[in-house]
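# Chains, contacts and geometry: an overview
Letter by letter, the chains look like this.
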Amino acid sequence: MPAAGAAWRGEQLALLAGQLHKHQTSNEYAELLEAAEAELGAEATQEQRRNLQLLQLELKRQRCLDPQLVSAITQAQSRSNAIWQAARASNNFSAFAPALRELIELRQQQASQLANAESIARSPWEILAQPFEPDVSKARLNQLFAPLKRDLPVLLEKAAAMPQIHPSAQLSENSQNRLCSRLLESWGYNKSCCQHSRSAHPFSCTLGPQDFRITNRVVEGQPLSAFLATAHEWGHSLYEQGLPRTGDHYFPWPLGDATSMGVHESQSLFWECRVARSKEFAVRWHPHFCAELGGDPWNGSSGFWRSLNPMQPGLIRVEADELSYCLHIVMRFELELGLIEQGLPVEELQQHWNQRLNELLGIKPANDSEGCLQDIHWAEGLFGYFPSYALGHLISAQLSEAMEKELGGEGSIATAISSGQESSLHQWLRKNVYPLGRSVNSEELVKNISGYPLSADPFLRYLNQKLLDN
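Residues numbered from 1 in each chain as written. Predicted model: local features only at pLDDT ≥ 70, side-chain atom pairs only at ≥ 80, totals over all residues. Heavy atoms only, no water.

## With respect to the overall build of the protein
This is how the line gets drawn: Helical segments are the DSSP runs of H or I of at least four residues, strand segments are the runs of E of at least two, and each set is numbered from the N terminus. Put simply, the radius of gyration uses C-alpha atoms, and a globule should come to 2.2 Å times the residue count raised to 0.38. Only protein chains enter the accessibility calculation, which uses a 1.4 Å probe; a residue is then buried when its area is under 20% of its type maximum, exposed when over 50%, and partly exposed in between. By definition, residues are in contact when any of their heavy atoms lie within 4.5 Å. All accessibility values rest on the Shrake-Rupley procedure with a 1.4 Å probe; residue burial counts only the protein chains present in the view.
Within the protein, the secondary structure is distributed over 19 helices and three strands. Computed over the C-alpha atoms, the radius of gyration of the protein is 23 Å, within 12% of the 23 Å expected from 2.2 N^0.38 for a compact globule of 470 residues. Its C-alpha atoms give the protein principal-axis dimensions of roughly 70 × 55 × 40 Å. For the protein, the residues scored as buried account for 51% of the 470 residues in total. Partitioning the intrachain contacts of the protein with sequence separation of at least 6 by distance along the chain shows that 72% fall at a separation of at least 24. When the accessible area of the protein is evaluated, it comes to approximately 21500 Å², of which 50% is carbon and sulfur surface.

Below, the structure is given as structure tokens:
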């Protein structure tokens, strides 16, 4: 869409948001829910009760919102997105600041209105985070993030003392596309219900009970980027394909939705990091990459594995290595709290961003585009989203340990990958993770499967072992 079209698109989206909100809060809809509960009565199954409970909760939340605020937020999101794109291209945060300030004020109003629907007292930021991570709290996040803030800088120092391998490998776009397609085919890609396309930024989306789509992109100078992005997005799609949606009737029901964005991210990270970045996977796929290149710039599969696992802090979150990624998220979480609840002026965001990044990773952005303008989330007003990315790493690590224990003990995941039996890993996830949907929250899911509450310890054990193997 041309930049000048953003304002009119905002008007269209605001109209649609208003119409949707009208239907979601109507007396007719409320009466249908009451009739369903009365008809089912004591004979309702646990799944039916949970579906109705979630629908009633969403009705309550929507009825707390002023229709004019719903439309205003939608218009501001569209307007802010266009302004952010231009500001990012010109490295000019000051051009984006007024739009960000408006979104913050609107989201603060939204949180104030939604507070009436909460069963327990929650802060404004916690209320805004509920759609992404149900039942999340600042206290719990601080508890989970504290070990990361303590231990990850130490691991980064260890990694910095290790030799880094950066071989020159220029894979053509066609070669990268072939490798991505081969990866998908080996992991169960079904052309009848899946679509693999290109986009400016990789993503996964579900458009219907039998319509699952993923995209990737080829990044110049980064021959492994598209391959790893494909593994990541396919992990998201596999989760979507395995959610409890038996028949068309259940597709739109909340019980068939993802448990949380943190759990969603854990599934993409499992396939990208635990599988595609593993040594065993590198051994199997190294010949395929060499065949496309007509040579071996990595000097064997060990060098290829190290290229799949860079361990140097960088400025860009989406390109960050596993050691530094969660520190990017911790910083954004703390800045969001400042913006939403602690009176941090928008004009000072750039200064605080650069200072906190330097404290955590020892690096400073040279401009706004590689600094506080790099992510789209705040341009969409998606406050409360970022912690799910870090939670995904923690959840993935803890579920992986549970998987290994059940599949035969330590090393069983590596054995499956080495023998090309990733399908056994997928079957475990289909049995233990996917069917839970919204029947639980992310903390309950992890505890049910692993036997103990979510912790940063499994993730830190995983990273320590990866450093030892390097």
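Once the structure has been displayed, the description carries forward.
## Some remarks on helix α9 (residues 225–242)
Formally: The span one expects for a helix is its residue count, reduced by one, times 1.5 Å.
Compared with an ideal rise of 1.5 Å per residue, which puts 18 residues at 26 Å, α9 spans 26 Å between its outermost C-alpha atoms and is within 8% of the ideal. The element α9 is largely enclosed, with a buried count of 16 among its 18 residues.

## Examining the sheet that holds strand β3 (residues 211–216)
Our working rule: Only strands joined by at least two bridges in the DSSP assignment are considered to pair. Axis definition: a line fitted to C-alpha atoms, over the contacting stretch in the case of helices. Angles run 0 to 180 degrees between N-to-C directions.
Judged by pairing direction, the sheet is mixed, and its three strands sit side by side in the order β1-β3-β2 without closing on themselves. The open sheet terminates on both sides in strands that have one partner only, identified here as β1 (194–198) and β2 (204–208). Each strand axis lies, on average, 25° off the axis of its neighbour in the sheet, ignoring direction. Along the sheet, helix α8 (residues 173–186) contacts β1 and β3; its crossing angle with β1, the most-contacted strand, is approximately 160°. On the sheet, α9 packs against β1, β2 and β3 and is oriented at approximately 165° with respect to β3.

## Considerations on the environment of Leu429
Mapped onto the elements of the fold, Leu429 is located in helix α17 (residues 422–432). For the pair formed by Leu429 and Leu100, sequence separation is 329 residues and the distance between their alpha carbons is 39 Å.

## Observations concerning the packing of aromatic side chains
Test applied: What counts as a ring pair is set by centres within 6.5 Å for rings of Phe, Tyr and Trp (its six-membered ring), and what kind of pair is set by the plane angle: stacked under 30 degrees, edge-to-face over 60, tilted for all other angles.
Tallied over the full model, the rule gives 22 aromatic pairs. Ring geometry for Phe270 versus Trp271: centroids 5.3 Å apart, planes at 90°, classification edge-to-face. Exposure class is identical for Phe270 and Trp271. Each is buried. By way of ring pairs, the aromatic residues Trp187, Phe227, Phe270, Trp271, Phe281, Trp285, Phe289, Trp298 and Phe304 are connected into one cluster.

## A look at the environment of Leu243
With respect to the helices and strands, Leu243 occurs in the loop between α9 and α10 (261–276). A residue is classified by how much of its surface remains accessible, and Leu243, at 5% relative accessible area, is buried. Between the C-alpha atoms of Leu243 and Ser80, which are 163 residues apart in sequence, the distance is 33 Å. Those residues in contact with Leu243 that sit more than four places away from it in its chain are Gly256, Asp257, Ala258, Tyr434 and Gly437.

## A few points about the packing of helix α15 (residues 387–407) against helix α19 (residues 457–469)
The condition that has to hold: The cut-offs work like this: below 35 degrees is roughly parallel, past 145 is roughly antiparallel, 65 to 115 is roughly perpendicular, and the gaps in between are oblique. Side-chain classes follow a simple rule in which Ala, Val, Leu, Ile, Met, Phe, Trp, Tyr, Cys and Pro form the nonpolar group, Asp, Glu, Lys and Arg form the charged group, and the remainder, Gly included, forms the polar group.
Two numbers describe how α15 lies on α19: the axes approach to 7 Å, and their chain directions differ by 80°. Viewed along their axes, α15 and α19 adopt a mutual orientation that is roughly perpendicular. The residues of α19 that touch α15, namely those facing His393, Leu394, Ala397, Gln398 and Glu401, are Pro458, Phe459 and Arg461. Of the residues in the contact of α15 with α19, the class split is four nonpolar, two polar and two charged.

## Some points on the pattern of salt bridges
Note on pairing: side chains with opposite charge can pair once their charged atoms come close. The criterion, for reference: Within this document, salt bridges are pairs made up of a side-chain nitrogen of Lys or Arg and a carboxyl oxygen of Asp or Glu, the two lying within 4 Å of each other.
Summed over the entire model, instances satisfying the criterion amount to 21 salt bridges. Notably, a salt bridge pairs Arg122 with Glu118, separated by 2.3 Å at the nearest N-O pair. Considered together, Arg122 and Glu118 belong to a single accessibility category, that of buried residues. With its nearest N and O atoms 2.7 Å apart, the salt bridge here joins Glu422 to Arg284. A residue pair is termed long-range when its members are at least 10 positions apart, and Glu422 in helix α17 and Arg284 in helix α11 (residues 279–293) qualify at 138 residues. On the basis of relative accessible area, Arg284 is assigned to the partly exposed category, the value being 25%.

## Re the layout of surface pockets
The test is simple: In the cavity and pocket records, a cavity denotes points on a 1 Å grid over the protein atoms alone where a 1.4 Å probe fits but cannot get out, a pocket denotes an open set with protein on both sides within 12 Å along at least 5 of 7 lines, and lining residues are residues with an atom within 4 Å of a point. Grid points are joined across faces, edges and corners, and a volume is the space filled by probe spheres set on the points.
Here the second largest pocket is characterised by a volume of approximately 680 Å³. Lining the second largest pocket are 23 residues, and of these Arg274, Glu404, Tyr462, Gln465 and Asp469 lie nearest its centre. The set of elements that each furnish at least two residues to the lining of the second largest pocket consists of α10, α11, α15, α16 (412–418) and α19. Looking at the lining of the second largest pocket, the element that brings in the most residues is α19, giving six residues. Per-class residue counts for the lining of the second largest pocket are seven nonpolar, five polar and eleven charged.

## Focus on the side chain of Glu272
Relative to the helices and strands, Glu272 resides in helix α10. Apart from the residues lying within four places of it in its own chain, the contact partners of Glu272 are Leu228, Ala231, His232 and Arg277.

## What to know about the state of the cysteines
One way to say it: the disulfide is the covalent bond shared by the sulfur atoms of two cysteines. Here is the rule we go by: The criterion for a disulfide is a pair of cysteine sulfur atoms lying within 2.5 Å.
Summed over all chains, the structure comprises zero disulfides. Counting only cysteine sulfurs, Cys326 is the nearest neighbor of Cys273, a cysteine outside any disulfide, at a range of 9.9 Å. Overall, Cys273 belongs to the buried group, its relative accessible area being 6%. When its relative accessible area of 0% is taken as the criterion, Cys326 is described as buried.

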